[in-house]
Amino acid sequence: MASRTKEREKHQIQFISTPIYSKDKEKPPYTRFVCISTLSKKSLTVTSLLVLLFTFLYLFLSPTSFQSPYSIGLTQTQANSTCDGIAPFYIYDLPARFTTDLVDRCQFLNIYVDTCPHVVNQGLGQPVTSKLGPSWYGTNEFLSDMLFHARAKKHPCRVHDIDAAKLFYVPFYAGLYASFAFREGNHTLRDQLAVELVSYLSNKPTFRKHGGRDHFLVVGRTSWDFMRISDPNIADFGANRLLYLPELADVAVLTIERHPWEGKNQFGIPYPSYFHPKTADEVVRWQNKVLGSKRPYLYAFVGGARVASEKAVVRAEIINKCSASKQCAQVTCKTGTIGCYDPAKVLATLRGAQFCLQPPGLSFTRRSTFDSILAGCIPVFFSEHSAYTQYEWYIPNEARNWSVLLDQKKAEQIEEELRKIPLKEVESMRKEVVRMIPQVTYAHPDSTIPGFRDAVDIALVQLTERVGRALEQEQTAVRVD
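Residues numbered from 1 in each chain as written. Predicted model: local features only at pLDDT ≥ 70, side-chain atom pairs only at ≥ 80, totals over all residues. Heavy atoms only, no water.

- The name that an unreviewed UniProt entry assigns to the chain is Xyloglucan galactosyltransferase KATAMARI1, with the source organism given as Rhynchospora pubera.
- In its Subcellular location (unreviewed entry) section, UniProt records this for the chain: "Golgi apparatus membrane".
- In UniProt, the chain has this text filed under Sequence similarities (unreviewed entry): "Belongs to the glycosyltransferase 47 family." (UniProt positions renumbered as here; feature names shortened; annotations may be inferred.)

If you want it as structure tokens, here you go:
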């Protein structure tokens, strides 16, 4: 009798509800479907069998009606209206010298590699020919300005009537400009295009109306590339002075790395990774895939050594530690090798590890942080400026819920420190990381309404709130006067 009871229990079917998570903290998660059915031979009838069969087919053959019990759900902030929280925005039609002319000069943008394959497909780059799928591209990490523009041009919240706009986008390809001009030794010539942009904007009534407070631009490189210090004793590293021009002081600047101390009008946006989905279903499938990945390694590192500096010491220690450990998966970036630029190899490495190390490189931030989020690998930082002070629009408030911060002095004890984290916490952190995937992903530009809010949507929501606050303060100041 006991054996027959156990056998019946093995065939009991349970449909577990899956929560749909909302960014609105005032609204709790809701569920699509809850059905718990316990079957036994005595109570099972032909009718119940038919009901069960149709229910089973409905749930498991419909891609949008049910998610796996292991799915954590998407950020469903577009459920009511695509433009909820996003102001109607206008895109300036800039002269070609600020946009397409820079793209046409792609062969001159980098002295080491041919940039032309990266700027094709609206900045997505070349499609990845692997089993990853059709929405994967070899996207360059410094093309967020092109990607943002491509996505914004077909965004449903864009307006073509400038008088109907509340937000104004200046689609200057600043990253391409910085790459093209950094070898120019004459500072006046190096800054020329930036100065011309400011002159162009200053003549626009829409810009003068609020002093640029309702305007924004996207720069595809770190803010340091646009903040040259006027000191002959300090190396300029090819930077220009775009972000030091006083006319842009109140313009919102979206950058892959903001200046932690001087960037009051700078806001961090994600580095582009390789995944550019057109639909929410694609994202859900990928989330479930990475949640189910086998992770035989404790940690992983994708990167190379750096020149002599404090950052280089930490990197060298990590590389040495990883190379000597059986608990570490590694892809070493060296001149002449392509491993670091092979999306399939990078993601396979990161998906095989519990934690992914993110030491500072030439600057505080790394594209690898967003590769690791895409792979469901928990980021391990060695500086708060690698993420926490950078991407406040995109990351959870509690850093420990999705990442690890280690003192640089503990680089030698990486394994010991990571092993201290209980498995239950690791699993919880991973779910939080995977939950972040939609909002740090740049959806495919051809997808007008992808069904989830991506990195561009999140930025537009935050910019809308910022403009509202700025104009309210402006009106208050006028009333006081």
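## Notes on the overall build of the chain
Okay, step 1: Within the chain one finds 16 helices and 14 strands.
Okay, step 2: Buried residues in the chain amount to 51% of all 481 residues.
Okay, step 3: Across the chain, the fraction of contacts at a sequence separation of at least 24, relative to all contacts at a separation of at least 6, is 73%. (Helix = DSSP H or I, 4+ residues; strand = E, 2+ residues; numbered from the N terminus. Buried < 20%, exposed > 50% of the residue type's maximum accessible area, 1.4 Å probe, protein only. Contact = heavy atoms within 4.5 Å.)

## As for the pattern of salt bridges
Okay, step 1: By the definition in use, this model includes 11 salt bridges.
Okay, step 2: One network of salt bridges, in which partners are shared, links Arg-151, Asp-454 and Asp-457. (Salt bridge = Lys/Arg side-chain N within 4 Å of Asp/Glu carboxyl O.)

## Brief notes about the sheet that holds strand E12 (residues 353–358)
Okay, step 1: On the basis of which strands lie adjacent, the open sheet formed by five strands has the order E11-E10-E12-E13-E14 and parallel pairing. This sheet does not close on itself; its edge strands, each paired only once, are strand E11 (328–332) and strand E14 (404–405).
Okay, step 2: Inspection of the sheet shows E12 paired to strand E13 (residues 378–381) by four bridges, in the parallel sense. In the sheet register, Phe-355 faces E13, and the bridge partner there is Ile-378.
Okay, step 3: Seen against the sheet, helix H12 (residues 343–351) touches strand E10 (297–303), E11 and E12 and runs at an angle of roughly 150° to E10.
Okay, step 4: Together, E12, E13 and E14 form the strand contacts of helix H15 (residues 423–435), whose direction differs from that of E13 by roughly 100°. (Pairing = 2+ DSSP bridges. Axes fitted to C-alpha atoms, helices over the stretch in contact; angles between N-to-C directions.)

## Side note on helix H6 (residues 174–181)
Residues three or four positions apart in an α-helix share a direction because the helix packs 3.6 residues into each turn.
Okay, step 1: Within H6, seven of the eight residues are buried, leaving the element largely enclosed by the surrounding structure.
Okay, step 2: When H6 is considered as a whole, its buried residues turn out to be Ala-174, Gly-175, Leu-176, Tyr-177, Ala-178, Ser-179 and Ala-181.
Okay, step 3: Residues of H6 that are buried sit in contact with helix H3 (100–104), helix H5 (144–153), helix H7 (187–190), helix H8 (192–202) and strand E7 (215–219).

## Observations concerning the confidence of the model for the chain
Okay, step 1: Mean pLDDT over the chain: 84, with 81% of residues reaching 70 or higher.
Okay, step 2: In this model residues 1–52 is a low-confidence stretch, pLDDT under 50, and it forms 59 contacts with partners more than four residues away in sequence or in other chains. (pLDDT = per-residue confidence, 0-100.)

## Let's talk about the sheet that holds strand E9 (residues 266–268)
Okay, step 1: The parallel open sheet is built from five strands, whose spatial order is E5-E6-E7-E8-E9. Of all strands in the sheet, those bounded by a partner on one side alone are strand E5 (89–91) and E9. Averaged over neighbouring strand pairs, the angle between their axes works out to 25° when direction is ignored.
Okay, step 2: The pairing of E7 with strand E8 (residues 252–255) spans four bridges and is parallel. The residue of E8 that forms the bridge with Phe-216 is Ala-252.

## A short note on the nonpolar core
Okay, step 1: Ranked by size, the top nonpolar core spans 90 residues in total, and within it Phe-216, Leu-254 and Phe-355 carry the most contacts.
Okay, step 2: The element contributing the most residues to this core is helix H16 (residues 455–480), with nine residues.
Okay, step 3: Sequence-distant contacts of Phe-355, defined by excluding residues within four places in its chain, comprise Leu-298, Tyr-299, Ala-300, Cys-377, Ile-378, Val-380, Val-404, Leu-418, Ile-421 and Val-426.
Okay, step 4: Membership of the second largest hydrophobic core comes to 39 residues, among which are Phe-98, Met-146, Ala-178 and Val-198. (Core = buried A, V, L, I, M, F, W, Y, C linked by side-chain atoms within 4.5 Å.)

## Points about the state of the cysteines
Cysteine pairs can be linked by a disulfide, which is a covalent bond between their two sulfur atoms.
Okay, step 1: Overall, the coordinates contain five disulfides when judged by the stated rule.
Okay, step 2: Paired through a disulfide, Cys-333 and Cys-340 show a sulfur-sulfur distance of 1.5 Å. Here Cys-333 and Cys-340 share a disulfide; its torsion about the S-S bond, -85°, makes the bridge left-handed.
Okay, step 3: A residue is classified by how much of its surface remains accessible, and Cys-333, at 26% relative accessible area, is partly exposed.
Okay, step 4: Given the relative accessible area of 11%, Cys-340 is considered buried.
Okay, step 5: Disulfide partner of Cys-356: Cys-377, at an S-S distance of 2.1 Å. Its torsion about the S-S bond being 110°, the disulfide of Cys-356 and Cys-377 is classed as right-handed. With Cys-356 in strand E12 and Cys-377 in the loop between helix H13 (368–374) and E13, this pair connects stretches of sequence that are 21 residues apart. (Disulfide = S-S within 2.5 Å.)

## What about a nonpolar patch on the surface?
Okay, step 1: Taken together, Ile-111, Tyr-112 and Val-113 make up a surface patch of nonpolar side chains, about 370 Å² in accessible area.
Okay, step 2: Structurally, Tyr-112 is set in the loop between H3 and helix H4 (116–119).
Okay, step 3: The exposure class of Tyr-112 is exposed, given its relative accessible area of 73%. (Patch = residues over 30% accessible without salt bridge, like charges linked within 9 Å, V, L, I, M, F, W, Y side chains within 5 Å. Areas by Shrake-Rupley, 256 points an atom, 1.4 Å probe, with all protein chains shown as cover.)

## Re the packing of aromatic side chains
Okay, step 1: Going through the model one piece at a time under the given rule, you end up with 19 aromatic pairs.
Okay, step 2: An angle of 55° between the planes, with centres 6.3 Å apart, marks the rings of Phe-98 and Tyr-200 as tilted. One end of the pair, Phe-98, is in the loop between E5 and H3; the other, Tyr-200, is in helix H8, and 102 residues separate them in sequence. Tyr-200 shares its class with Phe-98; the two are buried. (Phe/Tyr/Trp six-rings, centres within 6.5 Å; stacked < 30°, edge-to-face > 60°.)

## Brief notes about the packing of helix H10 (residues 280–291) against H15
Okay, step 1: Where H10 contacts H15, the two axes come as close as 10 Å, and the packing angle between them is 155°. As far as their axial angle goes, H15 and H10 are roughly antiparallel. The way H10 lies across H15 gives a crossing that is right-handed. Here Gln-287, Val-290 and Leu-291 of H10 lie close against H15, whose contacting residues are Arg-430, Lys-431, Val-434 and Arg-435.
Okay, step 2: When grouped by side-chain class, the residues that make up the contact of H10 with H15 number three nonpolar, one polar and three charged. (Parallel < 35°, antiparallel > 145°, perpendicular 65-115°, else oblique. Left-handed = near helix turned anticlockwise from the far one by under 90°. Nonpolar A, V, L, I, M, F, W, Y, C, P; charged D, E, K, R; others polar.)

## Overview of the side chain of Thr-369
Okay, step 1: With respect to the helices and strands, the residue Thr-369 is situated in helix H13.
Okay, step 2: Looking at Thr-369, the relative accessible area reads 3%, which means it is buried.
Okay, step 3: Those residues within four positions of Thr-369 in sequence are excluded, and the remaining contacts are Gln-358 and Phe-381.

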